Amino acid sequence: MGGVDYPQVFATGLTYGVIFALIALGYHLIYVSSGMLNFALGEQLAVAGLVVLSLTSFGVPFVLAVVLAVLAGAAFGAGYERLALRPAARMGLVGPLIASVGVSIVIGQGRVLIWGPNPRPMNPFTGDPNQSVGFLGGRWQIQSFWVIGLAVLAAAALLLFLRFTWYGRAWRATAQSPVGARLSGIDPNVVSLSAVAMASALVTIGGIAIAPIVLAGGFYALDFGVRAFAAAIIGGFSSTTGVLIGGLVVGLLDSWLVAALSAEWSDVVLYGALALALVLRPKGLFGREAVSRA
């Protein structure tokens with residue numbers, strides 16, 4: 001452990017941690033608005049870069065391709081909330097869980113059928129593919145700054161939306177009391193639809209940003225999704241701040257464990273910590289008591 005390059009651990013951990021935080025934020029949005037769990041977000045993350053590559057191959061400017069991919073991600077999220085998650089909710093909590101796993105499989109298999117089984121390289125937003133700079137004692141890929149910056153902007157925009165807009169306040173009111181929201185003229189079904197669409201847009205942004213580092217369409221969907229789920233559990237599914245902090249903690253801890261031990265031991269320790277968190281504090285570090293839903 002004495003040979004661990006801590007500045008490099010920090011660089012890697014923060015880059016991946018903000019992506020885990022974005023996915024965990026997506027889990028949180030869907031859970032607090034509808035009480036549902038959605039495990040398709042990891043696959044949406046993996047396919048996002050492929051959509052941008054396809055659009056640019058048809059001559060669409062890169063910035064426009066990114067905007068279209070994010071809008072497509074949101075539309076896809078809204079579609080499968082209506083067609084899969086919402087009907088499955090009649091079965092209770094397990095229904096949407098099974099439906100989201102099914103959607104995840106469909107996305108994964110569809111990705112292979114459309115784009116093939118091999119991941120595709122994607123150029124960084126700026127600079128050369130192998131370019132790195134010294135920062136805080138470590139070597140940072142230029143794309144890492146894009147990943148962190150976009151993740152922070154996306155999360156900040158969402159938090160401002162939830163706190164300072166009428167619809168954001170209505171969303172939070174629905175999370176606290178669906179019955180009270182209905183009595184106030186707020187349709188919880190619309191809030192649920194919006195939550196899944198927004199969560200899908202968030203992970204699409206994260207997927208596009210991280211694709212130049214991990215390859216577009218790489219086989220990291222399950223790994224990222226599970227680590228983000230662990231982050232949400234540790235931080236607290238009901239806490240916006242908790243899931244964001246949980247994502248950063250998991251990213252940094254994972255990076256340190258890989259450097260100090262190995263990738264295999266990282267999985268063992270992370271999932272052991274998850275199991276311990278479920279036993280000792282099932283609400284998470286920042287979680288609140290779950291609200292009952294009509």
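Described below are features of the structure shown in this document. Please read all numbers here as calculations on a predicted model, not as lab measurements.

Rules behind the numbers
- Throughout this document, residue positions are counted from 1 along each chain, in the order its sequence is written.
- Thresholds applied to this predicted model are a pLDDT of at least 70 for local features of residues and 80 or more for the giving and counting of side-chain atom pairs; totals over whole chains, interfaces and linings are not thresholded and use all residues.
- Side-chain descriptors were evaluated using all non-hydrogen atoms of the structure, hydrogens and water having been removed beforehand.
- In this description, a nonpolar core means a group of buried Ala, Val, Leu, Ile, Met, Phe, Trp, Tyr and Cys residues linked to one another through side-chain atoms lying within 4.5 Å.
- Burial classes follow relative accessibility: with a 1.4 Å probe on protein chains only, a residue under 20% of its type's maximum area counts as buried, one over 50% as exposed, and anything between as partly exposed.
- Segments assigned H or I by DSSP are reported as helices when at least four residues long, segments assigned E as strands when at least two residues long, and all are numbered from the N terminus.
- Contacts are assigned to residue pairs with any non-hydrogen atoms lying within 4.5 Å of each other.
- One fewer than the residue count of a helix, multiplied by 1.5 Å, yields its expected span.
- This arc describes the spread of directions from the helix axis toward the C-beta atoms.
- Counted as salt bridges are all cases of a side-chain nitrogen of Lys or Arg within 4 Å of a carboxyl oxygen of Asp or Glu.
- Patch building starts from residues that exceed 30% relative accessible area and form no salt bridge, then joins like charges within 9 Å and nonpolar side chains (Val, Leu, Ile, Met, Phe, Trp, Tyr) within 5 Å.
- Every accessible area reported is derived by Shrake-Rupley at a probe size of 1.4 Å, with residue values counting cover from the shown protein chains alone.
- Here a cavity is any set of points on a 1 Å grid over the protein atoms alone where a 1.4 Å probe fits but cannot get out, and a pocket is any open set with protein on both sides within 12 Å along at least 5 of 7 lines; a residue lines the site when it has an atom within 4 Å of a point.
- Grid points are joined across faces, edges and corners, and a volume is the space filled by probe spheres set on the points.
- When residues are grouped by polarity, Ala, Val, Leu, Ile, Met, Phe, Trp, Tyr, Cys and Pro land in nonpolar, Asp, Glu, Lys and Arg in charged, and all others, Gly among them, in polar.
- Only the six-membered ring of Trp is used, alongside the rings of Phe and Tyr, when aromatic pairs are assigned; centres must lie within 6.5 Å, and planes under 30 degrees apart are stacked while those over 60 apart are edge-to-face, with the rest tilted.

By size, the foremost hydrophobic cluster in this structure holds 59 residues, and its most contacted members are I19, I23, Y80 and F224. Among the elements that make up this core, the one with the highest residue count is helix 1 (residues 6-34) (13 residues). Beyond its immediate sequence surroundings of up to four residues, I23 is in contact with L41, L45, V203, F224 and A228. V52, A78, A201 and A211 belong to the second largest nonpolar core, which has 16 residues in total.

To continue, consider helix 11 (residues 263-280). Here helix 11 contains 18 residues, and its C-alpha end-to-end distance of 26 Å stays within 8% of the 26 Å for a straight helix at 1.5 Å per residue. Residues of helix 11 that are buried include every one of S266, L270, L274 and A277, and no others. Down the axis of helix 11, the buried set is contained in an arc of 65°. They therefore lie on one face. Seen from the buried face of helix 11, the exposed residues on the opposite side, beyond 90 degrees, are E264, W265, V268, L276, V279 and L280.

On to the pattern of salt bridges. Enumeration over the complete set of coordinates arrives at 4 salt bridges. Between R82 and E81 there is a salt bridge; the shortest N-O distance is 2.6 Å. The class of R82 is partly exposed, set by a relative accessible area of 34%. Three or more residues joined by partner-sharing salt bridges are found here, namely D223, R227 and D254.

This next bit is on a nonpolar patch on the surface. On the surface, a nonpolar cluster with roughly 520 Å² of combined accessible area is contributed by F62, V63, L64, V67, L68 and L71. Structurally, L64 can be placed in helix 3 (residues 62-88). Using a relative accessible area of 42% as the deciding quantity, one classes L64 as partly exposed.

Evaluation of the coordinates by the stated rule reveals 2 cavities of 30 Å³ or more. Empty space within the second largest cavity amounts to approximately 30 Å³. What lines the second largest cavity is simply L50, R111, V112, W115, G116, P117, N118, G217 and F219. It is helix 4 (residues 94-115) that contributes the most residues to the lining of the second largest cavity, 3 residues altogether. Taken together, the residues that form the lining of the second largest cavity break down as 5 nonpolar, 3 polar and 1 charged.

What follows covers the packing of aromatic side chains. Enumeration over the complete set of coordinates arrives at 11 aromatic pairs. Ring plane angle 85° and centroid distance 6.1 Å describe the contact between Y27 and F39, whose orientation is recorded as edge-to-face. Highlighted residues: Y27 in helix 1 and F39 in the loop between helix 1 and helix 2 (41-57), separated in sequence by 12 residues. What makes F39 partly exposed here is its relative accessible area of 28%.

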